[in-house]
Amino acid sequence: MSKWKWFSDEESKGLDYGLMVRLDMARDLCGFPIVITSGRRDEEQNANAGGTKESSHLKGLAVDLRAPTGQNEREKMIWALGRAGFTRMGLYTRHLHADCDPDKAHDIVWFGESHA
Ligand SMILES: [Zn+2]
């Protein structure tokens with residue numbers, strides 16, 4: 001049995017404990033599945049994903065989540081992530097980046113285009 005209610009040990013591999021607590025809470029608040037498309041990355045995975053050299057994915061402090069396509073689901077997921085305590089969010093065309101890196105700016109949201 002996984003230590004997380006909604007995510008397997010495989011999905012949460014290498015990810016920060018506090019990040020997973022927030023993600024589990026966000027999933028409860030959403031009421032629909034949250035799919036992690038990119039979690040912790042090594043240097044090569046990060047380069048392939050088009051990540052920056054300082055990417056929080058390298059530290060296990062960020063996840064990319066598939067943007068849901070159901071009615072109001074994207075908006076609800078953004079709300080839930082914020083409510084669960086994520087204070088850094090990237091809103092991309094096909095995914096949402098949720099981040100809790102303590103070494104970066106907080107209380108911010110940015111927008112971008114999904115590459116993968
Ligand atoms: Zn990301």
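Note that the structure is predicted; figures quoted are calculated from it, not measured.

About the criteria used
- Residues numbered from 1 in each chain as written.
- Predicted model: local features only at pLDDT ≥ 70, side-chain atom pairs only at ≥ 80, totals over all residues.
- Heavy atoms only, no water.
- Helix = DSSP H or I, 4+ residues; strand = E, 2+ residues; numbered from the N terminus.
- Rg over C-alpha atoms; globule rule 2.2 N^0.38 Å.
- Buried < 20%, exposed > 50% of the residue type's maximum accessible area, 1.4 Å probe, protein only.
- Donors = N, O, S within 2.8 Å, 3.2 Å for Na, K, Ca; no water.
- Salt bridge = Lys/Arg side-chain N within 4 Å of Asp/Glu carboxyl O.
- Phe/Tyr/Trp six-rings, centres within 6.5 Å; stacked < 30°, edge-to-face > 60°.
- Lys NZ or Arg CZ within 6 Å of the ring centre and 35° of its normal.
- Pairing = 2+ DSSP bridges.
- Axes fitted to C-alpha atoms, helices over the stretch in contact; angles between N-to-C directions.
- Contact = heavy atoms within 4.5 Å.

Caption draft 1: Structural context of the overall build of the protein chain. Along the protein chain, the regular secondary structure elements total three helices and five strands. Mapped from its N terminus to its C terminus, the protein chain presents α and β elements in the order α-β-α-β-α-β-β-β. Computed over its C-alpha atoms, the radius of gyration of the protein chain comes to 13 Å, within 12% of the 13 Å expected for a compact globule of 116 residues. Its C-alpha atoms put the protein chain at 35 × 35 × 25 Å along the principal axes. Across the 116 residues that make up the protein chain, the buried fraction comes to 41%.

Caption draft 2: Layout of the coordination of the zinc ion. For the zinc ion, the full set of protein donor atoms is His-57 (NE2), Asp-64 (OD) and His-97 (ND1), at a range of 2.0 to 2.1 Å. Each donor residue of the zinc ion lies on the same chain, and together they follow the pattern H-x6-D-x32-H. Since its relative accessible area comes to 2%, His-57 is described here as buried.

Caption draft 3: Molecular detail of the pattern of salt bridges. Within this structure, the stated rule accounts for six salt bridges. A salt bridge links Asp-64 to Arg-41; its shortest N-O distance comes to 2.9 Å. With a gap of 23 residues between them, Asp-64 in strand E2 (residues 62-66) and Arg-41 in the loop between strand E1 (36-38) and helix H2 (43-48) connect regions that are remote in the sequence. We note that Asp-64, like Arg-41, is buried. Connected through salt bridges with shared partners, the residues Lys-59, Asp-101, Asp-103 and Lys-104 form a single ionic network.

Caption draft 4: The arrangement of the packing of aromatic side chains in detail. Counting across every chain of the model gives one aromatic pair. Between the aromatic rings of Trp-4 and Tyr-17, the centroid separation amounts to 5.3 Å while the plane-to-plane angle is 50 degrees, which identifies the pairing as tilted. Of this pair, Trp-4 sits in the segment before helix H1 (17-30) while Tyr-17 sits in helix H1, placing them 13 residues apart in sequence. Assessed through its relative accessible area of 58%, Tyr-17 is described here as exposed. Lying over the aromatic face of Trp-6, Arg-27 brings its terminal NZ or CZ to 3.7 Å of the ring centre.

Caption draft 5: The sheet that holds E2, seen in detail. Taking strand neighbours across the sheet as the criterion, the five strands line up as E1-E2-E4-E3-E5 in an open arrangement whose pairing is mixed. On the outer flanks of this sheet lie E1 and strand E5 (108-112), each paired with one strand and no other. Each strand of the sheet is rotated relative to its neighbour by a mean of 30 degrees, with strand direction disregarded. Looking at chain direction, strand E3 (residues 88-92) and E5 are connected through five bridges and run parallel. Among the inter-strand pairings, Met-89 is bridged to a residue of E5, identified as Val-109. H1 rests against E1, E2 and strand E4 (95-99) of the sheet, and its axis sits at about 25 degrees to E2. Here helix H3 (residues 73-83) sits on the sheet in contact with E2, E3 and E4, set at roughly 165 degrees to E3.

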